Structure formats: C-alpha cells, structure tokens
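The chain contents come next:
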Amino acid sequence: MNYIKHQTTVFALMDANAKVKPLHISLYLALFRIWNRCRFVNPIIITRMEIMKMSKIGSPNTYSKALKALELYGFIRYHPSFDPNQGSKVDMYTFDTGTCTPPVSKVIPFNKHINNTLSIKEEENSFSEEIVSQENTDMKKQQFTPPPIEYIKIYFQQKSQSDSEAERFFNHYESNGWLVGGKSPMKDWKASARNWILNIQKFTTKAKEVSQQRFQNQNKAPNNTQKVKLRPISPPPSSNNYDEPL
C-alpha cells in the first residue's frame, strides 16, 4: 500500500468534513497504528482500553461516539463486540491508488460517494439525529420518581424544619402530580424543598398581613371609617328599696 497517498487522501477527506474534530483524527491514527502492527490486514481486533489510551480519549461514551462518527463518515467499518472477553473488529478502508505490498484486504466503503458533499451532509445529519435520539433515551431513563414522605421528613429535619412542614410539602406536590409551579414536571425534589423552606418566612408574613387586613375590613363602618367600640352604658339605678324586706 502506498502509505503517503493513503494518508494524504484520508487527511484531505477529513479537512473537507467540517464535523471531523481532533478526537476523530486522534482515534483514526490510533487505529492506523494497530493496522500497521497487523501488517495492514483487515479486520483488526481492538480493545477499548488500549485504543482509548493510544488516542488520549478519557471518556468511554466519547470513544463510542467517535468510533460511530468515523464509520458514518466512511473511514472505517466498525463491528462492535458485546463479549467482554472478545475484542471488537474494525475494517480500515484503503484510499491509495498504488499496489498493496504486502497484500491487503481491500474493503469497499459503503459510502460510494464519499467525495459527494451532499452525501457527507446526509451522513452528518444522520449522526446528529442518532445523538439526539440517544440523549432523549437517557432523559427518559432519568425520569423523576417521587420520594417517600420519610425521606422528606429526614431532609427537613436536617434543615431544622418540623415534620408537619415536611408533610405540607409532600401533600402539596402529591396533590398536583409533582409539578413545579403547577406546570413543569419536577426534576429535583431537594431543590424544591430548599425553595419551600426559603419561602416559609415569606408565606408566614403574608398570611399575617392578610389576616390583619381582614380584621381591619371587618371593623370598618359602611362609610369606610373605623368602627369605634363604645363602652357599654351602665344600667339605670334600680327603684327597688333594698332596706325593705322582701
């Protein structure tokens, strides 16, 4: 294989694709080193830990997405293995036009129009849709589960609050389906509990103001003046003569 032509073609294709990032290039070079070690025979057997170390990729999730991206962009064909005792397989595409010495298993890319800009954009869109789909799946897996009231009481006790306040918090959100503001599904009940505790004093002050206002309204005369509570008038003196016997 003409290594210079191969590498020149590969990097030209990577430069033409705006979605190719440094981690994709680093990963491809790590795969190329394994391919070189195997004397350019396809497929090569890889292990995640070895390739992550060679490509300086620290996250398994990033490593998996980068491998899929290289496959979607037409640089490799990836055959994942779900057996922890068996490595995955990767077919490396050859892009040189010279002879291959020693013989190499030449793989035909399934993207026959790799130089076609429209085809590259379609693959990029497909890759973006796959990422969005994965994120949506992760979000569904992290759906909120209402906590038991015992957990809420313990948390309120840690915040120096009474069990009755914890019960009011639980009853309030249990009755409205654990919706924040009555609209948005709750994601973190502890954050909502902290807001509840911060608002206790404000709600107490507001309740006192409302109660005082109601009391004042009840004691106003029809002409909007304050009612004056008069002292009771003493009864007139009795005409009975207490000196005379009954």
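Everything discussed here concerns the structure shown above.
Notes on the structure in this doc start here. All residue numbers refer to positions counted from 1 along the written sequence of the respective chain. Given that this is a predicted model, residues contribute local features only at a pLDDT of at least 70 and side-chain atom pairs are listed and counted only at 80 or more, while totals for whole chains, interfaces and linings are drawn from all residues. Excluded from the side-chain calculation are hydrogens and water; included are all heavy atoms of the structure.

**Description of the pattern of salt bridges**
For step 1, the next point in the chain: We define a salt bridge as a contact between a side-chain nitrogen of Lys or Arg and a carboxyl oxygen of Asp or Glu at a distance within 4 Å. Overall, the coordinates contain 3 salt bridges when judged by the stated rule.
For step 2, the next point in the chain: Note that Lys153 is salt-bridged to Glu167, the shortest N-O span being 3.2 Å. Taken together, the residues Lys153 in helix α6 (residues 149–158) and Glu167 in helix α7 (residues 163–175) connect sequence positions 14 residues apart.
For step 3, the next point in the chain: Notably, a salt bridge pairs Glu165 with Arg168, separated by 2.5 Å at the nearest N-O pair. Of the two residues, Glu165 and Arg168 both sit in helix α7, 3 residues apart, roughly one turn of that helix.
For step 4, the next point in the chain: Buried residues are those whose accessible area, probed at 1.4 Å on protein chains only, stays under 20% of the maximum for their type, while exposed residues exceed 50% and partly exposed ones sit between those limits. Overall, the relative accessible area of 11% leaves Glu165 in the buried class. In DSSP terms, a helix is any run of H or I states spanning at least four residues, a strand is any run of E spanning at least two, and both are numbered starting from the N terminus.

**Overview of helix α2 (residues 22–37)**
For step 1, the next point in the chain: Take the number of residues in a helix, subtract one, and multiply by 1.5 Å to get its expected span. End to end, α2 covers 23 Å across 16 residues, agreeing with the expected 22 Å (1.5 Å per residue, within 8%).
For step 2, the next point in the chain: By the burial criterion, the buried members of α2 are His24, Leu27, Tyr28, Ala30, Leu31, Phe32, Ile34 and Trp35.
For step 3, the next point in the chain: Looking one or two residues beyond α2, the residue adopting positive phi is Arg39, at roughly 60°.

**Examining the sheet that holds strand β1 (residues 44–46)**
Whether parallel or antiparallel, the strands of a sheet pair through hydrogen bonds between backbone atoms.
For step 1, the next point in the chain: Spatially, 3 strands are ordered β1-β3-β2 in an open sheet, and the strand pairing comes out antiparallel. Every other strand in the sheet has two partners, leaving β1 and β2 (76–79) as the edge strands with one partner each. Across the sheet, the axes of successive neighbouring strands diverge by a mean angle of 30°, strand direction being ignored.
For step 2, the next point in the chain: Two residues form a contact once any of their heavy atoms are found within 4.5 Å. Every axis corresponds to a line fitted to the C-alpha atoms, with the helix fit spanning only the stretch in contact, and the corresponding angles, defined between N-to-C directions, vary from 0 to 180 degrees. Against the sheet, α2 engages β1, β2 and β3 (88–92), with an angle of about 125° to β1.
For step 3, the next point in the chain: Those strands touched by helix α4 (residues 60–72) are β1 and β2, and its axis lies near 130° from that of β2. Being paired, for any two strands, means DSSP has found at least two bridges between them.

**Considering the nonpolar core**
One broad trend across soluble globular proteins is that nonpolar side chains are buried collectively.
For step 1, the next point in the chain: The nonpolar core is taken to be a set of buried Ala, Val, Leu, Ile, Met, Phe, Trp, Tyr and Cys residues, with the residues joined through side-chain atoms within 4.5 Å. Counting residues in each nonpolar core, the largest one holds 31 residues, and the members touching the most others are Leu27, Tyr28, Leu31, Ile46, Phe75 and Ile76.
For step 2, the next point in the chain: At 7 residues, the largest contribution of residues to this core is made by α2.
For step 3, the next point in the chain: Not counting the four nearest positions on each side in its chain, Ile46 is found in contact with Leu31, Ile34, Ile51, Tyr63, Leu67, Gly87, Ser88 and Val90.

**Structural notes on the packing of aromatic side chains**
For step 1, the next point in the chain: Put simply, two rings from Phe, Tyr or Trp (the six-membered ring, in Trp's case) pair if the centres are within 6.5 Å, and we call them stacked under 30 degrees between planes, edge-to-face over 60, tilted for the rest. For the structure shown, the criterion picks out 13 aromatic pairs.
For step 2, the next point in the chain: A centroid spacing of 6.2 Å and a plane angle of 65° characterise the contact between Tyr28 and Phe75, whose relative ring orientation is edge-to-face. Taken together, the residues span a long stretch of sequence, with Tyr28 in helix α2 and Phe75 in the loop between α4 and β2 at a distance of 47 residues.
For step 3, the next point in the chain: With a centroid separation of 5.9 Å and an interplanar angle of 15°, the aromatic rings of Tyr173 and Trp178 are classed as stacked.

**Section: the layout of surface pockets**
Any empty space left between the atoms is revealed when a probe the size of a water molecule rolls over them.
For step 1, the next point in the chain: Lining residues are those with an atom within 4 Å of a point, where the points come from a 1 Å grid over the protein atoms alone and group into cavities, where a 1.4 Å probe fits but cannot get out, or pockets, open sets with protein on both sides within 12 Å along at least five of seven lines. Grid points are joined across faces, edges and corners, and a volume is the space filled by probe spheres set on the points. In this structure, the largest pocket occupies an estimated 320 Å³ of space.
For step 2, the next point in the chain: Lining the largest pocket we find 16 residues, and of these Arg48, Tyr78, Ser81, Gln86 and Ser88 sit closest to its centre.
For step 3, the next point in the chain: When residues of the lining of the largest pocket are assigned to their parent elements, the largest contribution, 3 residues, is made by α4.
For step 4, the next point in the chain: Residue polarity is assigned by list, with Asp, Glu, Lys and Arg as charged and Ala, Val, Leu, Ile, Met, Phe, Trp, Tyr, Cys and Pro as nonpolar; anything else, Gly included, falls into the polar class. Residues that form the lining of the largest pocket fall into these classes: 6 nonpolar, 7 polar and 3 charged.

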